[in-house]
There are 2 protein chains.
Amino acid sequence: MKTNRKLVLAIATALGIGRERVMTMDRRKALATIAGSITAAGVAGAIVVKDVTASQLKDTPLIRPEIKLNKKGKVHHDPLPYVKLDPDAVADRAYKNKLIGDCMYGVFASLVEELAEQVGGPYMTYPTTVTRYGKGGVMGWGTTCGTVNGMAMAAYLVSPDPAPVIDEVINYFQYAELPDYKPKDAIMDITPSVSESTLCHVSVSEWCKASGHKAFSKERTQRCAHLAASMARKLVMALNEQQAGTFKAVFPIPAEVKACRACHDKGGELENTRGKMSCTACHDKHEV
Amino acid sequence: MKTNRKLVLAIATALGIGRERVMTMDRRKALATIAGSITAAGVAGAIVVKDVTASQLKDTPLIRPEIKLNKKGKVHHDPLPYVKLDPDAVADRAYKNKLIGDCMYGVFASLVEELAEQVGGPYMTYPTTVTRYGKGGVMGWGTTCGTVNGMAMAAYLVSPDPAPVIDEVINYFQYAELPDYKPKDAIMDITPSVSESTLCHVSVSEWCKASGHKAFSKERTQRCAHLAASMARKLVMALNEQQAGTFKAVFPIPAEVKACRACHDKGGELENTRGKMSCTACHDKHEV
């Protein structure tokens, strides 16, 4: 009886239901309250409760934790716990996940799933399927490559200082010959290419030019799965290094981009834009 | 006693713990198993358990629901329940949320929070703070605008057919004079501008040109908060219409982009790229 009460309290605490509220309930009511909360919590992990109405759901207690603000009045950055991972293992998952959930999901879900196995806890229910929206540069729009988008979201989820990791992996995406990793379940070799852009449609065009294959070919689908693997692998290497205190950017912002930013970005004479993307892929070089 | 058993089973089912597994346990063990799961589920709502070690977390049972695949072997699209929302209410939230969590969070968190109030259930714990990564076109990179990225993720979360909604709202982002909504807590009027791009840095540059303000001015911060409000409002209008069966695109893919796609996109003679972004913002027009 005592043990059950303790467990009920532990459950309630985990769900953010006040101790006082549970202590004043009889056990049946406490369990009913908790059941309502868990239905909500369980659903967050991508189960959809099909047999409840909106008004029934409305009666479940609000358990979203309050958003904490930092000194600047911004949402406090509170990453989930990270442990050193095997870059190849995450890359091999990313290859397979890209083929069932597309590019953004490929990278994001693979980090979450590997951490669910290695760490457990929050990663066991962390929703991943929503990241399918990022496919083909946001629902086929050809804007930011889904492997870049998923990598940045994953880095933000787990890194206490995500900006340098994201900078490094995006510059790798732009300037390295990719893909540079052959997943263990690969069914073909892939010609690598250099994107010189963060954008899906540019990356695809450069690869079509290098490989001679078409944008909707089977080979391109495989290429993007190899690319997801390469990006997940590079992300894990950067996160491992950051955690070990040995992180150093191999792909810093190029001098050419820095030169453009000196006038056009923050504090520059013109200050009429922002960003770190390669400039000359779209804009002509010009003499200052 | 019977009621408790029923509740325990309901809790276990919501968490994806097998009925058989719970049925064969005594109540104390069943509650303990559930308690472990809920600790994980609670954490998914952005609470980080600070006083547990990785090995302790590893011992909690795996409760991620199995990913279902559709007939094409892709992750099954299973949106969360949506109810008609007030576009202005979500827009006013987006303005305020942009100022505390930046642009992608501004749009995404506002839809989730409004649905947490109106529907409850899954939205009460759905994690939102991770979307801060999208700020300034993915961590300041100036690639896809965070309001576009957050809108697309939100549309995918709730719409049974997200592509037409995302297409409509991205084309609105590209071709409408924005911002076109003044939030109720606005502190200034904002000069509108046309982005003709999905990209943060292009949108900011066009606005700097139209308004005469700099890219890192207080006015630009306010402008992007008004933009988040406009995008959230347009998204909700499109979702409401889609649910009512009255959705019709006001901003279809322009004929100019269709003309380019005829050769360059899927099934075209060249088929050397993909996407729906405005082409002529970056590429010269050319005669076929």
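Just above sits the structure.
Description of the structure in this document.

Take the packing of helix H6 (residues 146-158) of chain A against helix H7 (residues 162-175) of chain A next. All names here are of chain A. At a minimum axis distance of 9 Å, the contact between H6 and H7 shows a crossing angle of 160°. For the element pair H6 / H7, the angle class is roughly antiparallel. When the axes of H6 and H7 are compared, the crossing they make is right-handed. Where H6 approaches H7, its residues Val148, Met151, Ala152, Ala155 and Tyr156 are matched on the opposing element by Pro162, Val165, Ile166, Val169, Ile170 and Phe173. A breakdown of the residues in the contact of H6 with H7 according to their chemical character gives eleven nonpolar, no polar and no charged.

Only a minority of non-glycine residues have a phi that is not negative, and only a minority of peptide bonds are not trans. Residue and element names in this part refer to chain A. Cis rather than trans, the peptide bond between Leu178 and Pro179 has omega equal to 0°. Examined against the element boundaries, Pro179 turns out to sit in the loop between H7 and helix H8 (200-211). If you check the backbone angles, Asp102 has positive phi at about 75° while not being a glycine. Relative to the helices and strands, Asp102 resides in helix H5 (residues 87-118). Overall, Asp102 belongs to the buried group, with 26 C-beta atoms counted inside 10 Å. For Glu196, which is not glycine, the phi dihedral falls at a positive 50°. Counting through the fold element by element, Glu196 comes out in the loop between H7 and H8. Owing to 18 C-beta atoms within 10 Å, Glu196 belongs among the partly exposed residues under this scheme.

Our focus in this paragraph is helix H7 (residues 162-175) of chain B. All names here are of chain B. If you check H7, its first and last C-alpha atoms are 20 Å apart, about what 14 residues at 1.5 Å a residue would give, namely 20 Å. Of all 14 residues in H7, eleven are buried, a share of seventy percent or more. Along H7, the positions that sit buried rather than exposed are Pro162, Val165, Ile166, Asp167, Glu168, Val169, Ile170, Asn171, Tyr172, Phe173 and Gln174. Those residues of H7 that are buried are in contact with helix H6 (146-158) and helix H9 (218-244).

All names here are of chain B. Structurally, the position occupied by Met104 is in helix H5 (residues 87-118). On the neighbour-count criterion, Met104 (32 C-beta atoms within 10 Å) is buried. The spatial distance from the C-alpha of Met104 to the C-alpha of Asn149 is 6.2 Å, given a sequence separation of 45 residues. Ignoring sequence-local partners within four residues, the contact set of Met104 consists of Thr131, Gly134, Lys135, Gly146, Asn149 and Gly150.

Right, let's talk about the environment of A:Gly121 for a bit. All names here are of chain A. Looking at the secondary structure, you find Gly121 in the loop between H5 and H6. Gly121 sits in the buried class, given 27 other C-beta atoms within 10 Å. Separated by 123 residues in the primary sequence, Gly121 and Ala244 have C-alpha atoms spaced 22 Å apart.

Criteria and cut-off values
Residues numbered from 1 in each chain as written. Chains lettered and ligands numbered in written order. Predicted model: local features only at pLDDT ≥ 70, side-chain atom pairs only at ≥ 80, totals over all residues. Axes fitted to C-alpha atoms, helices over the stretch in contact; angles between N-to-C directions. Helix = DSSP H or I, 4+ residues; strand = E, 2+ residues; numbered from the N terminus. Parallel < 35°, antiparallel > 145°, perpendicular 65-115°, else oblique. Left-handed = near helix turned anticlockwise from the far one by under 90°. Contact = placed C-beta atoms within 7 Å. Nonpolar A, V, L, I, M, F, W, Y, C, P; charged D, E, K, R; others polar. Buried ≥ 20, exposed ≤ 12 C-beta atoms within 10 Å, placed from the backbone. Expected span 1.5 Å × (residues − 1).

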